[in-house]
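Working through the structure, step by step
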Amino acid sequence: IFPGVLLVVLAGLVAWGYQAIQPPPPKICGSSDGPLVTASRIKLRDGRHLAYREHGVSKDVAKIKVVFIHGFDVCRFLMMLCGQELVEELGIYFVSYDRPGYGESDPHPSRTVKSQVSDIEELADQLGLGSKLAGVTLLTPASNYWWPGFPSNLSTEALYKHPPCDYWSLRVAHYAPWLTHWWNTQNWFPILGAISKSPHILSREDKEVVAKLIAKGVDNMEHVRQQGEYESLHRDLNVGFGNWEFDPVEMENPFTNNEVSVHLWQGDEDILVPAILQRYIAERHSSWIQYHELAGSGHFFPYLDGMADTIVKTMLNDKE
């Protein structure tokens, strides 16, 4: 009798564990139980919808067109905007969009780094933005600690600059992505600080910047996650810290004629994205990446007064 009871108990535990780690289905915008569609959207080749928002001068008269790609746990509403004087002087058109699963863009269950690039290409094509790329700017982009090109001691040092709750969440996303949803929704251990909005992820300057953004009414948490945390935040972690189709550390200059400038910006007090990996990448690719490290700044420096103007002018003028 005992072996039979034990088998039943084990089967029950396995079934319970399996159910516990399954994420709920997303509440897709426009569906019967999902949020309303309020944004302008395009329909992609695979049938998904991508929501976007336009700013600046009309694209029909614009001299410069900028596609803004938001980061983790934000959406098309939180973008880096230049001052109106510069926008009109240079004739700048901006378009920001919700990445898959965020805001009002449909989830993409098989999302990869490469598929996100394809989404940008389709958005640009459908909006008629043209084929010429004048510049690329990366603002504190998160590095994957498991890119093969990083020296192991350096990536380990960078990973352990995070508080324990954060580096364990990142390890789960890399080694056990099927546990990412459970890990970041359970109540037994501290979860990723960027999801729980813990103050430990913010530098002194970041806390001031975030307070100003919230005062301006851009705290759009409900809109960002309205289709569910799994297809937005958790899938972001699995894609960002999983196995990539390429290794950015080993990349060759994709702009062989040096016709495009690539700028990498980083705050030296950034807690969310440690600067040491950015320095390594910038030094390794110094022939085609221009590195700008800001002393005393954290992760949200692009939203400092006047900083957006500086970043855009640097990209366009290819000088500081």
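You'll find the structure just up there.
Report on the accompanying structure.

The rules behind these values
Residues numbered from 1 in each chain as written. Predicted model: local features only at pLDDT ≥ 70, side-chain atom pairs only at ≥ 80, totals over all residues. Heavy atoms only, no water. Axes fitted to C-alpha atoms, helices over the stretch in contact; angles between N-to-C directions. Helix = DSSP H or I, 4+ residues; strand = E, 2+ residues; numbered from the N terminus. Contact = heavy atoms within 4.5 Å. Nonpolar A, V, L, I, M, F, W, Y, C, P; charged D, E, K, R; others polar. 1 Å grid on protein atoms, 1.4 Å probe; cavity = no way out; pocket = protein on both sides within 12 Å on 5 of 7 lines; lining within 4 Å. Points joined across faces, edges and corners; volume = space filled by probe spheres on them. Pairing = 2+ DSSP bridges. Expected span 1.5 Å × (residues − 1). Buried < 20%, exposed > 50% of the residue type's maximum accessible area, 1.4 Å probe, protein only.

**Points about the packing of helix H4 (residues 152–159) against helix H11 (residues 275–284)**
Contact pair H4 / H11: the axes reach a minimum separation of 8 Å and the direction vectors enclose 145°. Where H4 approaches H11, its residues Leu154, Ser155, Glu157 and Ala158 are matched on the opposing element by Ile276, Leu277 and Tyr280. Its residues placed into classes, the contact of H4 with H11 shows five nonpolar, one polar and one charged.

**A short note on the layout of surface pockets**
Here the second largest pocket is characterised by a volume of approximately 270 Å³. Along the wall of the second largest pocket there are 18 residues; nearest its centre are Met79, Leu81, Leu213, Lys216 and Tyr303. Counting only elements with at least two residues in the lining of the second largest pocket, the list comes to strand S2 (49–56) and helix H12 (307–317). The leading source of residues in the lining of the second largest pocket is H12, at three residues. Per-class residue counts for the lining of the second largest pocket are twelve nonpolar, two polar and four charged.

**Considerations on the side chain of Glu104**
Take Glu104: it is sitting in the loop between strand S4 (92–97) and helix H3 (113–127). What Glu104 contacts, discounting residues up to four positions off in sequence, is Cys29, Leu36, Val37, Thr38, Ala39, Arg41, Ala51, Arg76, Asp98, His223, Gln226 and Gln227.

**What to know about the pairing of S2**
As paired strands, strand S1 (residues 40–43) and S2 are joined by four bridges and run antiparallel to one another. When the sheet's bridge partners are listed, Arg41 is paired in S2 with Ala51. Judged from the five bridges that link them, S2 and S4 form a sheet pairing that is antiparallel. Bridge pairing in S4 links Glu54 to Val95.

**Re the sheet that holds strand S5 (residues 135–139)**
Pairing is parallel in the open sheet, where three strands are placed in the order S5-S6-S7. Sheet topology places S5 and strand S7 (289–294) at the edges, where each strand pairs with a single neighbour. Mean inter-strand twist for the sheet, computed between neighbouring axes without regard to direction, equals 15°. For S5 and strand S6 (residues 261–267), the ladder comprises five bridges, and the chain directions are parallel. Counterpart to Leu138 in the pairing with S6 is Leu264. Seen against the sheet, H11 touches S6 and S7 and runs at an angle of roughly 150° to S7. Here H12 sits on the sheet in contact with S5, S6 and S7, set at roughly 150° to S6.

**Re helix H5 (residues 164–175)**
Taking 1.5 Å per residue as the helical rise, H5 with its twelve residues ought to reach 16 Å, and the 16 Å between its terminal C-alpha atoms agrees with that figure. Elements that come into contact with the buried residues of H5 comprise H4, helix H6 (180–183), helix H7 (193–196) and helix H10 (229–240).

**Here's the deal with unusual backbone geometry**
Non-glycine residue Thr140 carries a positive phi angle of around 40°. Following the sequence through the fold, Thr140 ends up in the loop between S5 and H4. Residue Thr140 is classed as buried on the basis of its relative accessible area, which comes to 5%. In this structure, Lys197 takes a positive phi of about 60° despite not being glycine. Mapped onto the elements, Lys197 comes out in the loop between H7 and helix H8 (204–215).

Functional significance is not addressed by these values, which are geometric in nature.
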